[in-house]
Amino acid sequence: MLKFRIYAITVVLFGEFIMPSYASDPNYDESKVPEYTLPDSLVMRNGERVHSSEMWTQKRRPEILHLFREEMFGKTPKYQQNTMDSEIVEMKENTLNGKAHRLQIRLYPIKNNHSFPITILAYIPQNTSEKVPAFFALNFKGNQAVTTDNEVIPSISMGYDPKFKGKPQEEILRELTEHRGETASRWPIEMILDRGYAFVTACYYDIDPDFNDGFQNGVHPDFYVPGQTQPAPDEWGSIAAWAWGLSRILDYFEGAEKGEGELTHRIDPQKVAVFGHSRLGKAALWAGASEERFVLVISNNSGCGGAALSKRAFGETVGRINTAFPHWFCENFKKYNENESALPFDQHELIALIAPRPVYIASALEDQWADPKGEFLAAQYASPVYELLGTDGFAGTAEMPEPNHPVGGTIHYHIRTGKHDVTPYDWRQYLDFADKYLKP
Ligand code: GTR
């Protein structure tokens, strides 16, 4: 297990892949991809063809959503909206070279339970008093890591990172502060603001620390029924918890819109794009699939369990991901280890669940572990649902494009040169894409 933890940390630190040990080597050879049949998104499990958008919305979509819930991400507990506590801990104008109002907010999703605050960092463009669309994104290493802005409160939940084990809180804080801005290259916040969007982020550890502790920390225990000590086989893993956290952040801005908060109401909760990279790209896709209030979804290098087709078993496979990260998906998903052909769905249907809302899937050329071709094909095979719902879907794209040549329509795709990462190139494409759908 230790090996896998070190592996996970290494990936986050250097954005590179080091393989976990596993029975056989991962397959990177296209000719060795097994033969597979993908479920047809427009045929019900009982064989009935989906012939109308109503039938998709009322029958087939719920059927697929149910399968993803019970067999992969796990069901989230019932949550009564508007039952959270929150406090604005800081609000300041003229930050980021005069471009932004900065807000730092503590959110307590369960009233009177202040044990796991989600600390939100929000930058809102200062040059307008209009409502603005926003990008919501969870981050890997704490709010203090996304920017060198030295007034950003360090995300102390990072203290759960196994690398900090046993260290006193002051030392953790000192280390976090010393590494301010360490992932800033992934977050061109000023560019996002210049383009008229707010940027809202929180650390995923605030919702559920990313290691396998049998679901004892993070949000899960707060929802256990008496006597329960871990989620049932069809109940939420960590990815579903992270997606749940994104919904709570949206709840907050919806609530804020209704009254108080001078600046919070400047974010238009009906124009929120959800973004995620890698494991958080998986979470962004699940957030978009299971939460229709997110109106645009961006999956950056999400790979296995995200945008890549599982049945291709190329690079990272279901068995590998469930072994290295047993806490990401629900227990039921382990039935498909080395057994992808038994999956009653595949990841093109995760994308189809987002239809007709715009979705951007991005791969990177050197990120073969995430199976770029599998991500492309999932985008392509999601298109019939988008088309049934009256959009242009993948706009007839049938061939994988050259690197750095975005393709598609409402479903968009690019493969960037370079490695597993988020770059300004990626963000420029996302902003252009968002402009089409979120700007008046
Ligand atoms: C890897 C994992 C991938 C991807 C990546 C990341 O270790 O195998 O599925 O999610 O982590 O999140 O950086």
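Structural data are supplied above this passage.
Here is what the cut-offs are and how they apply
Residues numbered from 1 in each chain as written. Predicted model: local features only at pLDDT ≥ 70, side-chain atom pairs only at ≥ 80, totals over all residues. Heavy atoms only, no water. Helix = DSSP H or I, 4+ residues; strand = E, 2+ residues; numbered from the N terminus. Rg over C-alpha atoms; globule rule 2.2 N^0.38 Å. Buried < 20%, exposed > 50% of the residue type's maximum accessible area, 1.4 Å probe, protein only. Contact = heavy atoms within 4.5 Å. Areas by Shrake-Rupley, 256 points an atom, 1.4 Å probe, with all protein chains shown as cover. Lys, Arg positive; Asp, Glu negative; His and termini not counted. Charge placed at Lys NZ, Arg CZ, Asp CG, Glu CD. Axes fitted to C-alpha atoms, helices over the stretch in contact; angles between N-to-C directions. Parallel < 35°, antiparallel > 145°, perpendicular 65-115°, else oblique. Left-handed = near helix turned anticlockwise from the far one by under 90°. Nonpolar A, V, L, I, M, F, W, Y, C, P; charged D, E, K, R; others polar. Pairing = 2+ DSSP bridges.

## Brief notes about the overall build of the protein chain
Counting secondary structure elements, the protein chain contains 11 helices and 10 strands. A globule of 440 residues ought to have a C-alpha radius of gyration of about 22 Å, and the protein chain, at 21 Å, matches this closely. The principal-axis extent of the C-alpha atoms belonging to the protein chain is close to 55 × 50 × 45 Å. Every one of the 440 residues in the protein chain was classed for burial, and the buried ones make up 60%. Restricting to contacts in the protein chain with at least 6 residues of sequence separation, those with at least 24 account for 69%. A total of about 17100 Å² of accessible surface is found on the protein chain, and carbon and sulfur atoms cover 50% of it. Averaging the coordinates of the 44 positive side-chain charges in the protein chain and doing the same for the 59 negative ones gives two points 1 Å apart.

## Let's talk about the packing of helix H2 (residues 53–73) against helix H7 (residues 279–290)
Running from N to C, H2 and H7 cross one another at 140°; their axes reach a closest spacing of 11 Å. Taken together, the axis directions place H2 and H7 in an arrangement best described as oblique. Two packed elements cross with a definite hand, and for H2 against H7 that hand is left-handed. Along its contact with H2, which presents Arg61, Leu65, Phe68, Arg69 and Phe73, the element H7 presents Trp286, Ala289 and Ser290. For the contact of H2 with H7, the residue count by class is five nonpolar, one polar and two charged.

## Focus on the pairing of strand S10 (residues 411–416)
With six of six residues buried, S10 is to be regarded as a mostly interior element. Taking every second residue as pointing to the same face, both faces of S10 are buried, with Ile411, Tyr413 and Ile415 on one and His412, His414 and Arg416 on the other. As paired elements, strand S8 (residues 359–364) and S10 share six bridges and run parallel to each other. Note on S10: the bridge partner recorded for Tyr360 is His412. Inspection of the sheet shows strand S9 (residues 407–408) paired to S10 by two bridges, in the antiparallel sense. Bridged to Val407 within S10 is Tyr413.

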